[in-house]
Amino acid sequence: MSAFKDIIPLNEWFSEFVDLPLIIAGPCSAETERQVLETATEIAASNKVKVFRAGIWKPRTRPGSFEGIGKEGLKWLEKVKAETNLLTTVEVANPKHIELCLKHNVDILWIGARTTANPFSVQELANALKGVDVPVMIKNPVNPDINSWIGAIERLYKTGLRKLAAIHRGFYPFEETYLRNIPKWELIIELLRKYPGLPVLSDPSHISGSPEYIQEISQKALDLNIKGLMIETHINPEQALSDSQQQVTPAELDIILSNLNYRKQLTPNSAFADILEQYREKIDSIDTQMLELLAQRMEVIDDIGKYKSEHNITILQLRRWERIIQTRSKLGERLGLNKDFILKILQLVHKESIQKQAQIMNKIKKDI
Ligand code: PEP
Ligand code: MN
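Quick summary incoming for the structure in this document. Keep in mind that what you see is a predicted model, and the values were worked out from it rather than measured.

### Focus on the pattern of salt bridges
Right, on to step 1. For the coordinates displayed, the defined rule picks out 15 salt bridges.
Right, on to step 2. Between Glu33 and Lys79 there is a salt bridge, with its nearest N and O atoms 2.5 Å apart. Of this pair, Glu33 sits in helix H1 (residues 33-45) while Lys79 sits in helix H2 (residues 72-83), and the two are 46 residues apart along the sequence.
Right, on to step 3. Here Lys48 makes a salt bridge to Asp254, at a shortest N to O gap of 2.7 Å. Of this pair, Lys48 sits in the loop between H1 and strand S2 (51-53) while Asp254 is found in helix H10 (residues 250-259), placing the two residues 206 residues apart along the sequence.

### Some remarks on the sheet that holds S2
Right, on to step 1. Overall, parallel pairing links the eight strands, which are arranged S1-S2-S3-S4-S5-S6-S7-S8 in a closed barrel. When the angles between neighbouring strand axes are averaged without regard to direction, this sheet yields 25°.
Right, on to step 2. Pairing analysis gives three bridges linking strand S6 (residues 164-168) to strand S7 (residues 200-202), with the strands arranged parallel. Directly across from Ile167, in S7, lies its bridge partner Leu201.
Right, on to step 3. On top of the sheet, helix H6 (residues 146-158) reaches strand S4 (108-111), strand S5 (136-139) and S6; it is set at about 160° to S6, its chief contact.

### What to know about the packing of helix H12 (residues 318-334) against helix H13 (residues 339-367)
The description of two helices packed together rests on the angle between their axes and the distance between the axes.
Right, on to step 1. Between H12 and H13, whose axes approach to 10 Å, the crossing angle comes to 140°. On the basis of the axis angle, H12 is oblique to H13. For H12 against H13, the interelement crossing comes out right-handed. Counting all contacts with H12, which are made through Trp321, Ile324, Ile325, Arg328, Ser329, Gly332 and Glu333, the residues of H13 involved are Lys339, Ile342, Leu343, Leu346, Gln347 and His350.
Right, on to step 2. Taken together, the residues of the contact of H12 with H13 sort by class into six nonpolar, four polar and three charged.

Cut-off values and rules
- Residues numbered from 1 in each chain as written.
- Chains lettered and ligands numbered in written order.
- Predicted model: local features only at pLDDT ≥ 70, side-chain atom pairs only at ≥ 80, totals over all residues.
- Heavy atoms only, no water.
- Salt bridge = Lys/Arg side-chain N within 4 Å of Asp/Glu carboxyl O.
- Helix = DSSP H or I, 4+ residues; strand = E, 2+ residues; numbered from the N terminus.
- Pairing = 2+ DSSP bridges.
- Axes fitted to C-alpha atoms, helices over the stretch in contact; angles between N-to-C directions.
- Contact = heavy atoms within 4.5 Å.
- Parallel < 35°, antiparallel > 145°, perpendicular 65-115°, else oblique.
- Left-handed = near helix turned anticlockwise from the far one by under 90°.
- Nonpolar A, V, L, I, M, F, W, Y, C, P; charged D, E, K, R; others polar.

In structure tokens form, the structure reads like this:
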């Protein structure tokens, strides 16, 4: 069952989907009828987008922020369908949402990152979808746990749904990075390798968190043979009631889509013929994360340098250094890493840290 072998290929879901990649665009949230219809009309004019997205019920981190317009917005989406050639998709988080979406002819449902993480909620959704022939896209959970992502897809699959797809929206970064959510491409490559029958789409907007990196992330996704993109698009991003920092205008969307290079796209059969390339992509992703962590470590070093200087403490603290070697060597061994290799790395990192702290202390002395 878990191989998802008989999942229906994305390009067979609707006659409009023959040409992949599938582009989904629309606002984070439906806010007003005018905002929805103007955004949809402009998006449709480019002829590059097939599906219009809009959040009707919004999962917000803190209460009191805009929690979605609710079912009224579903009527606006029906107008979008009537006035443009776009299909529609909406996030559902409970059976009532499903009932309302189906009543208002929403074409595709999607399950949000917070819901995917909760097996109780996903099971309730799966039960509500029994016997219904509607496509469902499942976003990855906020935490980098591929098993709960697959588990959610399996729950839907078990009820008989065969039009299923995964959406990669990145993972919560425990430390700040330049992206809102860490892509962890190595996990996606593993997912694609393990479940070749499962269509995977990318949501570069939630990975990027700003318009700045959407182009780059979209390209990366296509290069990995990801089947579609979901890009948050708003007629007036600055005024958006949710995710205002990351949405692009329909004109900006058009530029992003025009600049994408589709040549590298592989056919489904040769999708992963180039195993070496897959391994390299994984290594690239892990190296990026390693360098980001090193940069974060050095930032803490700056702070500790300042702190020691303020309290007139020497840079080198031998007891601390011994403890670092001891604990990291033990951990390295547990992880199956060569002891000498770990020691060399630790020495290099420590040397750089000491030099950095010395620079900071000298600078502080000079400033005084
Ligand atoms: C969204 O698509 O607007 C959204 C809430 O996304 P996610 O579930 O990925 O956070
Ligand atoms: Mn959003």
